[in-house]
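Below are the chains, spelled out letter by letter.
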Protein chains: 8
Amino acid sequence: MKELRIDHEREERCGFPEVVFAPGKTVEQIVAAASEIYAHSGRVLVTRATPKDFEAVRAQLQGACYHEQARIISVGCAAPQHPAGLIVVAAAGTADMPIAEEAAVTAEAHGACVQRLYDIGIAGVHRALEHVDELRAARVIIAVAGMEGALPSLIAGLVSIPVIAVPTSIGYGAHLEGLAPLLTMLNSCAGGIGVVNIDNGFGAAELACRINDPSWL
Amino acid sequence: MKELRIDHEREERCGFPEVVFAPGKTVEQIVAAASEIYAHSGRVLVTRATPKDFEAVRAQLQGACYHEQARIISVGCAAPQHPAGLIVVAAAGTADMPIAEEAAVTAEAHGACVQRLYDIGIAGVHRALEHVDELRAARVIIAVAGMEGALPSLIAGLVSIPVIAVPTSIGYGAHLEGLAPLLTMLNSCAGGIGVVNIDNGFGAAELACRINDPSWL
Amino acid sequence: MKELRIDHEREERCGFPEVVFAPGKTVEQIVAAASEIYAHSGRVLVTRATPKDFEAVRAQLQGACYHEQARIISVGCAAPQHPAGLIVVAAAGTADMPIAEEAAVTAEAHGACVQRLYDIGIAGVHRALEHVDELRAARVIIAVAGMEGALPSLIAGLVSIPVIAVPTSIGYGAHLEGLAPLLTMLNSCAGGIGVVNIDNGFGAAELACRINDPSWL
Amino acid sequence: MKELRIDHEREERCGFPEVVFAPGKTVEQIVAAASEIYAHSGRVLVTRATPKDFEAVRAQLQGACYHEQARIISVGCAAPQHPAGLIVVAAAGTADMPIAEEAAVTAEAHGACVQRLYDIGIAGVHRALEHVDELRAARVIIAVAGMEGALPSLIAGLVSIPVIAVPTSIGYGAHLEGLAPLLTMLNSCAGGIGVVNIDNGFGAAELACRINDPSWL
Amino acid sequence: MKELRIDHEREERCGFPEVVFAPGKTVEQIVAAASEIYAHSGRVLVTRATPKDFEAVRAQLQGACYHEQARIISVGCAAPQHPAGLIVVAAAGTADMPIAEEAAVTAEAHGACVQRLYDIGIAGVHRALEHVDELRAARVIIAVAGMEGALPSLIAGLVSIPVIAVPTSIGYGAHLEGLAPLLTMLNSCAGGIGVVNIDNGFGAAELACRINDPSWL
Amino acid sequence: MKELRIDHEREERCGFPEVVFAPGKTVEQIVAAASEIYAHSGRVLVTRATPKDFEAVRAQLQGACYHEQARIISVGCAAPQHPAGLIVVAAAGTADMPIAEEAAVTAEAHGACVQRLYDIGIAGVHRALEHVDELRAARVIIAVAGMEGALPSLIAGLVSIPVIAVPTSIGYGAHLEGLAPLLTMLNSCAGGIGVVNIDNGFGAAELACRINDPSWL
Amino acid sequence: MKELRIDHEREERCGFPEVVFAPGKTVEQIVAAASEIYAHSGRVLVTRATPKDFEAVRAQLQGACYHEQARIISVGCAAPQHPAGLIVVAAAGTADMPIAEEAAVTAEAHGACVQRLYDIGIAGVHRALEHVDELRAARVIIAVAGMEGALPSLIAGLVSIPVIAVPTSIGYGAHLEGLAPLLTMLNSCAGGIGVVNIDNGFGAAELACRINDPSWL
Amino acid sequence: MKELRIDHEREERCGFPEVVFAPGKTVEQIVAAASEIYAHSGRVLVTRATPKDFEAVRAQLQGACYHEQARIISVGCAAPQHPAGLIVVAAAGTADMPIAEEAAVTAEAHGACVQRLYDIGIAGVHRALEHVDELRAARVIIAVAGMEGALPSLIAGLVSIPVIAVPTSIGYGAHLEGLAPLLTMLNSCAGGIGVVNIDNGFGAAELACRINDPSWL
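Within each chain, residue numbers correspond to sequence positions counted from 1 in written order. Written order determines the labels here, with chains lettered from A and ligands numbered from 1. In keeping with the predicted nature of the model, local features appear solely for residues at pLDDT of at least 70, side-chain atom pairs appear and are counted solely at 80 or more, and the whole-chain, interface and lining totals rest on all residues. Hydrogens and waters are ignored; side-chain quantities use all the structure's heavy atoms.

Turning next to the packing of aromatic side chains. Paired rings are identified among Phe, Tyr and Trp, the last through its six-membered ring, by centres lying within 6.5 Å, and are further divided according to the angle between planes into stacked (under 30 degrees), edge-to-face (over 60) and tilted (the rest). Across all of its chains, the model carries 16 aromatic pairs over all chains by this definition. Here the aromatic rings of Tyr172(C) and Phe21(E) are separated by 5.4 Å at their centres, their planes lie at 25°, and the arrangement is stacked. Highlighted residues: Tyr172(C) in the loop between β8 (163-167) and α8 (179-186) and Phe21(E) in strand β1 (residues 20-21), drawn from two different chains. Measuring from ring centre to ring centre gives 5.2 Å for Phe54(G) and Tyr66(G), while their planes differ by 15°; the resulting arrangement is stacked. With a gap of 12 residues between them, Phe54(G) in helix α3 (residues 51-60) and Tyr66(G) in strand β3 (residues 65-67) connect regions that are remote in the sequence. Partly exposed residues are those whose accessible area sits between 20% and 50% of the maximum for their type, while under 20% is buried and over 50% is exposed, using a 1.4 Å probe and protein chains only. Judged by its relative accessible area of 8%, Phe54(G) falls in the buried class. As a reminder, the over-ring test applies to NZ of lysine and CZ of arginine, requiring each to be within 6 Å of the ring centre and within 35 degrees of the ring normal. Against the face of Tyr172(H) rests Arg48(A), its NZ or CZ located 4.8 Å from the ring centre. In this text, helices come from DSSP runs of H or I with a minimum length of four residues, and strands from runs of E with a minimum of two, each type numbered from the N-terminal end.

Residues below a pLDDT of 70 in either copy are left out; the C-alpha atoms of the rest, at least 70 in both, set the least-squares superposition of the copies. Its rotation angle being 90°, the transformation that places chain E on chain H also includes 0.0 Å of axial translation and leaves an RMSD of 0.0 Å. Put plainly, the chains are arranged around a four-fold axis. Ranked by how close their C-alpha atoms come to the rotation axis, the residues of chain E are headed by Leu176(E), at 7.3 Å.

Our next topic: the sheet that holds strand β1 (residues 20-21) of chain A. All names here are of chain A. A pair of strands is treated as paired once DSSP finds two or more bridges between them. Taken together, the 4 strands give an open sheet; going across it, the order is β1-β2-β4-β3, and neighbouring strands pair in mixed fashion. Where the open sheet ends on each side, the last strands, each with one partner, are β1 and β3 (65-67). Relative to the sheet, helix α4 (residues 97-109) contacts β2 (44-47), β3 and β4 (72-75), its axis offset from that of β4 by approximately 10°. We call two residues in contact when some of their heavy atoms are within 4.5 Å. Every axis in this analysis is a line fitted to C-alpha atoms, fitted for helices over the stretch in contact. Angles between the N-to-C directions lie between 0 and 180 degrees.

Our focus in this paragraph is the pattern of salt bridges. One side-chain nitrogen of Lys or Arg within 4 Å of one carboxyl oxygen of Asp or Glu is enough to make a salt bridge. Applying the stated criterion across every chain yields a total of 32 salt bridges over all chains. Ionic pairing is found between Glu55(E) and Arg58(E), a salt bridge with its closest N-O pair at 3.0 Å. A residue pair is termed a helical-turn pair when its members lie 3 or 4 positions apart in one helix, as Glu55(E) and Arg58(E) do in helix α3 (residues 51-60) at 3 residues. Given a relative accessible area of 40%, Arg58(E) falls into the partly exposed group. Between Arg116(E) and Glu108(E) there is a salt bridge; the shortest N-O distance is 3.0 Å. In this structure, a network of salt bridges that share partners links the residues Glu101(A), Glu108(A) and Arg116(A).

With that out of the way, let us pick up α4(A). All names here are of chain A. For a helix, the expected span equals 1.5 Å multiplied by the residue count minus one. The terminal C-alpha atoms of α4, which comprises 13 residues, lie 18 Å apart, in line with the 18 Å expected from a rise of 1.5 Å per residue. Taken across its 13 residues, α4 has 11 buried, putting it largely inside the fold. Every buried residue belonging to α4 is among Met97, Ile99, Ala100, Glu101, Glu102, Ala103, Ala104, Val105, Thr106, Ala107 and Ala109, and all of these are buried. Once α4 finishes, Gly111 follows within two positions and takes phi at roughly 90°, a positive value.

On to unusual backbone geometry, then. Positive phi values are uncommon outside glycine, yet Arg71(D) reaches one of about 55°. Note on placement: Arg71(D) falls in the loop between β3 (65-67) and β4 (72-75). If you check the backbone angles, Asp119(F) has positive phi at about 65° while not being a glycine. Within the element layout of this structure, Asp119(F) appears in the loop between β6 (113-117) and α5 (125-129).

With 34 residues of chain F at the contact, the number on the chain A side is 34 residues. Note on terms: buried area is the combined drop in 1.4 Å-probe accessible area of two parts once they are placed together, counting the loss on both. For the chain F and chain A pair, buried surface summed over both sides reaches about 2800 Å², with 54% attributable to carbon and sulfur atoms. Among the residues chain F hides against chain A, the three largest losses belong to Leu186(F), Arg210(F) and Trp216(F). Together they make up 25% of the total. Where chain F touches chain A, the interface holds 0 salt bridges. Between N or O atoms, a polar contact is any pair within 3.5 Å; within protein, one atom must be a potential hydrogen donor and the other a potential acceptor, and residues adjacent in sequence are included only when both atoms are from side chains. Summed over the shared surface of chain F and chain A, the result is 17 residue pairs in polar contact (both at pLDDT 80 or more). Of all the secondary structure elements, the ones that give two or more residues to the side of chain F that touches chain A are α1 (10-14), α8 (179-186), β9 (193-195) and α9 (201-211) of chain F.

Patch membership is restricted to residues that have no salt bridge and whose relative accessible area is over 30%. Joining uses 9 Å for like charges and 5 Å for the nonpolar side chains Val, Leu, Ile, Met, Phe, Trp and Tyr. Each accessible area is a Shrake-Rupley result for a 1.4 Å probe, and residues are judged covered by the shown protein chains and nothing else. Only four residue types enter the charge count, namely Lys and Arg as positive and Asp and Glu as negative; His and the chain termini do not. Charge positions are represented by NZ for Lys, CZ for Arg, CG for Asp and CD for Glu. A cluster of like negative charges, contributed by Glu177(A), Glu177(C), Glu177(E) and Glu177(H), occupies part of the molecular surface. Locating Glu177(A) in the fold gives a position in the loop between β8 (163-167) and α8 (179-186).

Separated in space, chain B and chain G share no contact, their closest pair of C-alpha atoms being 15 Å apart. There is a gap between chain C and chain H: no contact, and a shortest C-alpha distance of 15 Å.

Residue and element names in this part refer to chain C. The mixed open sheet is built from 4 strands, whose spatial order is β1-β2-β4-β3. Looking at the sheet topology across the chains shown, the edges are occupied by β1 (20-21) and β3 (65-67). In this sheet, strand β2 (residues 44-47) lies alongside β1 in parallel orientation, the contact comprising 2 bridges. Its bridge partner being in β2, Val20 is matched across the sheet by Val46.

Screw-axis analysis of chain F against chain A gives a translation of 0.0 Å along the axis, an RMSD of 0.0 Å, and a rotation angle of 180°. In the structure described here, the two chain copies are related by an operation that fits a two-fold rotation axis. A high fraction, 100%, of the interface residues of chain F reappear at the interface in chain A, so the copies pair face to face through one surface.

Glancing now at the interface of chain E and chain H. On the chain H side, the residues contacting the 19 residues of chain E number 20 residues. Of all residues in chain E, Thr94(E), Arg127(E) and Tyr172(E) give up the largest surface area on contact with chain H, accounting jointly for 34% of the area buried on that side. For the pair chain E and chain H, the interface holds 0 salt bridges. Counting across the interface, chain E meets chain H through 4 residue pairs in polar contact (both at pLDDT 80 or more). Mapped onto the side of chain E that touches chain H, the elements with two or more residues apiece are α4 (97-109) and α5 (125-129) of chain E.

Take the side chain of Asn197(B) next. Among the structural elements, Asn197(B) can be located in the loop between β9 (193-195) and α9 (201-211). Setting aside chain neighbours within four positions, we find Asn197(B) in contact with Val166(B), Pro167(B), Leu186(C), Asn187(C), Tyr172(D), Gly173(D) and Ala174(D).

We now examine the pairing of strand β4 (residues 72-75) of chain C. All names here are of chain C. The alternating pattern of β4 places Ile72 and Ser74 on one face and Ile73 and Val75 on the opposite face, and all of these are buried. Across 3 bridges, β2 lies against β4 in antiparallel orientation. Counted as the bridge partner of Val44 is Val75 from β4. Strand direction decides the pairing type here: β3 and β4, joined by 3 bridges, are antiparallel.

Attention shifts here to the packing of helix α2 (residues 27-41) of chain B against helix α3 (residues 51-60) of chain B. Residue and element names in this part refer to chain B. Where α2 contacts α3, the two axes come as close as 9 Å, and the packing angle between them is 40°. One way to sum up the angle between α2 and α3 is to call them oblique. Pair α2 / α3 crosses with right-handed handedness. Together, Val27, Ile30, Val31 and Ser35 of α2 and Asp53, Ala56, Val57 and Gln60 of α3 make up the contact between the two elements. Classes in brief: Ala, Val, Leu, Ile, Met, Phe, Trp, Tyr, Cys and Pro nonpolar; Asp, Glu, Lys and Arg charged; the others, Gly included, polar. Class assignment for the residues of the contact of α2 with α3 results in 5 nonpolar, 2 polar and 1 charged. Roughly parallel means an angle under 35 degrees; roughly antiparallel means over 145; roughly perpendicular covers 65 to 115; every other angle is labelled oblique. By convention the crossing between two helices is left-handed if the near helix lies anticlockwise of the far one by an angle smaller than a right angle, and right-handed if it lies clockwise.

The next point concerns the pairing of strand β5 (residues 86-91) of chain H. Residue and element names in this part refer to chain H. Within β5, 5 of the 6 residues are buried, leaving the element largely enclosed by the surrounding structure. Here β5 runs beside strand β6 (residues 113-117); their pairing, made up of 5 bridges, is parallel. Within β6, the residue paired with Ala90 across the bridge is Leu117. A right-handed crossover is one whose linking path, passing over the helix from the first strand to the second, runs clockwise when the strands point away from the viewer. Traced from β5 through helix α4 (residues 97-109) to β6, the parallel crossover comes out right-handed. Bridging between β5 and strand β7 (residues 140-145) involves 5 bridges; their strand directions are parallel. In the sheet register, Ala91 faces β7, and the bridge partner there is Val144.

Following this line, the structure appears as structure tokens:
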């Protein structure tokens, strides 16, 4: 088998060490990549990991823990960034939780303080409105939604901080496996929204941490 | 040229006489069709009509009037249906008005009482919430929106009456000429929504009038 | 695991209590949500439920029953709404029945009287024509069709009442998992049609019940 | 400019001489191609021709005539094929006529007997049913429809002869410039339908003439 | 369970009795439908049938036979139509055979004489050219192709008889599960081609039999 | 004509006053909206404005100026936000400049310091690499690219700050009017990227200003 | 206006100096870019240029010539590369000539020997077969085709040299402005084909010249 | 079962014997085809083969070997082509390796010298830049990339030799199973790129070998 080639300078260039995205890799490739990154950086994340992946990583790397709903393996992550602002992770429906948790766990693994606001979708708009003060107190909001994906538009119209929109693949039929909420979010008439790929909770967290970087305070 | 073949029994079967959809027809075809329907039913609508179409129709049919923003020519329309409920036409943005007016004028032409609530899109959610009582007082609501098209979801979560969702082609880029709000509306997590084609204000009004048919009172 | 957040006011606002859509939720989430809604409203529906979901719900909630073809679990549903009009559920082909039943069972669960007219697709147009009187006697018609999805157009041209069009994912190849009949229904040249998402029998029933609301009689 | 290269053997191989499709060609290319085909075969068709194209062709080829609605220039066409069956060209709406005429004129130019049945779309199904005997008397039917494109399905369920389905670009919004009726026709639950490209009245006629070839009688 | 509703008049109207399309139906629905059609017409086809479906049908209907590659169950089919022309079924690649066989077996079940010409795709054009005489001797050709789907264009340019084009889902990547060859066939620059849905070998045979109807001889 | 309904509280809620998006509005609607916002907030932007729009606005509002390449009319904008970080606007090609300028002018109109780095697309990667220090010195980068849209990926791999990706409609063929670079940006393997709609330079600037809000320093 | 930034090192790195793609640039930008490249490299191409662009360039750069059908302005191009192989440019139809000429003129401008074989599309397969010897004598073939785009498959099955496939936007309806032949070419069952963007004759020529580089002889 | 029809002349015409593409074929068809090609040409490749396919082939053909990551079975392949240039196979990420290996193993099976450069994607651009000398030393480069697919653009801007771009299906969400990188590659602003189908490592190798044909040296 071909050898791995980890981009170790990424942490220095970009603030995050390289992360292991599990799908499409063999268990052996996952363990090898995670071990090499951990050896170099003292911490590593494996995203979209299965319980089976976790068993293999844990056998190699002590202290690995598995965030089941988020499907993330983390080993030896960053200390909290005390003076940084709050990251709110908001989600529209129960079924969007795995992606919301992927975002929340990733952000926490990079030292952020995270507040979760789940089940506040647009079909019961009072639920989001009850949390306006918490939304406005954040440094950045990650808004996760499947179905029609209108939550980021709703939130961005209520606050003056950046909103990261994460469409999810939760839906059916004309949902087109997440393309419908993706389009909704790209066409928002509210300002201040940046969109990431469908189900990309990890990417949303990485962007949120770049925005919330305490070195700018 | 081939002769016209008007479906005169449509009024009896479906409640509405046949309507002339102007695009793709010559001015001569439009005038001929409008005249024949008017002769048979005593009233006629021409939709998506240009001012030039109107000049030609008015030369033939006295009393024709042109609803400029709605792009509709109406001649001799129905008397108000006194005991029927109210149809609310709500629109998200200024640019959605032509389609909203197409719906409103069509419904009025068929005898309905219409209340317009415009510029109440989701980016400033308080605007729609200020009108909750008016929304709840209707028999049926037509909700018109371009961009991300979230207005019908917002409204349907606030009321217990039917909501007819009309996506518009107002937008750009990933809007795909109206496909984005169409998908939004089809994927709504709020219940009680029926969707019509992009920019189809006329069809929304016809459905609203079938729902609001006073013979059911 | 994160706690649930049920929108209990939905029944008051919208006439229907919140419903549990099973796909993408764990069995535990389904039981918890169903139990909480039942405790608050005295009735609950779980849609797209598997037999395994049913076993888990029944263990918790006595009186749960499973509508196999409709894939719906219902517990303690509404009393019949005696003076309301009839809802006809029409379906084009045998394979469309599960979605048609989802619509019919949902409507019945909310107290409606439902008449089923199945296997009346356009390839044998006489079959629908034989039922014109029954179609015309309804307050609202739900027309369910896969393949080319032409049934709603056919029916809407025969009646003066609202028609709710439900495309199904029954087909193959250029059917695009239901997009073909969805487009057919959105482009209908017949008036009075509102379209719901592919396979969304539940949503069609909710819209039909809002139209058929006996409080308007 | 590069010289033309006409496929003169096509008439011998395929029964039809090569035809000039005007769009994307200069007027000079059109005239040169038409002249060369005429010189070789004694007849020629130019399809999708503008009045300006016609002026240029007529200046070169005496006896050219222009079928305005069909947008076809014909010069010196085939004698009627007396013993052959009838080709019925059916069209759903007034706006579909240009494509229906393209089919009808092309078939006539190749010697066929054509009967036109226009404005018999599915929204008023009685209109098609009134013509069942004429439809059944044909050797082959060309069914032209825009909007939802259900006419071929309706007809194919009524007859035992081949039906050639021609979707047109007449529609708007989710019509996708003809893709909606194209998909409808490809997914027909009625048998015996062959589909051609959007607006391809010419191709439908060529297929109809191959089916109706009198040498098989 | 809801009762079946077979369209028994279809044979009289359209020449073919109704056929059972197996996918999306339960084994019980398949057996019930096949039995009822057989009882009425003395013959029946079940398409896209699994071996398990066959076991169930054979237990009910003696004389059922299973065409494995074509995935068709046939019981008691039509006598050969002696004076009719020949139907050639041509296929581009080995992997297209199941669809080609579906077409061939269906045509034979309706009494046609069928000649198979397989593995004659465009990448080795001499293979098709070797069979020009057989292709020209047919009354109608069914051309089946996946990948780029160019076979129907090649054949239609060589003959003067109708060509029915069947795209298959054989391919990967930008093949889009058959949309690529479907588009190829719809855009053919050769005339005389009618296209059916992806993998619709059955529909191609039904159209071929309508064209090849011996009552027109 | 219907009256305007400006969302004046938006400035308070979201930091930006409402902006006038010109396309789809009449000149009269543009002038009325701009005047009302200016009267309330003391500043206003009109985006995608034509020179003709500018003439009309300038006649009403003194001090209006027109940013030709950016197609923006600005009147009385914000004072510079002195302590805030730098916003870099990077663009891949000459033809992407109008969108890049829309972003730059909008950000400047809201008081930001902007540095432009144009013509640094991936086909000559040394051009971007020469500017690594300037890229790393920013608080946030707006990366604008048409064609294959790879610039944001390249930049995000070089820096640890947020990157806002703006796909443009510059391209042809399989570019799909900007969908190709939009997909590129959503699928970036580099982290820290938020994407906005095709050609949405304005939205990118609004998000950049929310990220760069000096009140967080 | 922002200043230009030409990538002068491209010629050294890639063999070709940078080329000016005219669409989306102002006439001033075109002239400025062409002049700067010419000053540096002694030759320049402007592609997709209008006659008006040519007038402006000729006023600035003596010796500019305009290849009308190819829509290319060339100034001071390369000397012929005597020992290199032949590039054959094959085209399916008359309407594909502008793209074929764009490829041929570009290749000639870079010193290649080009042979043109036009109007040899698949509908008359004998036309291509007559040229098999010329096709086999080339070093590389550029195959240009609109409609169904099958020409590259046909050719690649006849030769052992590389084939560059260029889909064109010539077609209508389900042609999707060139996507249909693009998909055809990507799915070819013949080997040895590399595909470029729709209508990208220039890119095909650049690839052909890299393949045909005489420094490898 | 129908008999096979191998195109044995392909080797003579195109340089490669026919290859067996395993998916969609039965194990029996695979073994039969491989055996027949081997008997005729003395070598054969089976692509996309499973271990189970390999077992069956090995039982029949001695000396068969299985390239696991490339999923290729090879038997008795070509001798190295000594004087030919080098083929570089570059890949962006670890998950792209199976396709890169399919290309590399195929090229080696046809006698080429191959150098592999893996894990050099654009998110860490220094990784590709470190290999500029090796890239420039090749005769042709195969660049394999999933996700956003920008690697071929990056490489083509650094070299003057042909680049064959292979998009892979590695990605999720808006990746659309490889369409995103496919579009990226087709829209590259760098010249000299030919694109093959998604995951088509085999086709890339066949094109590379045609370019690298030593008979042209």
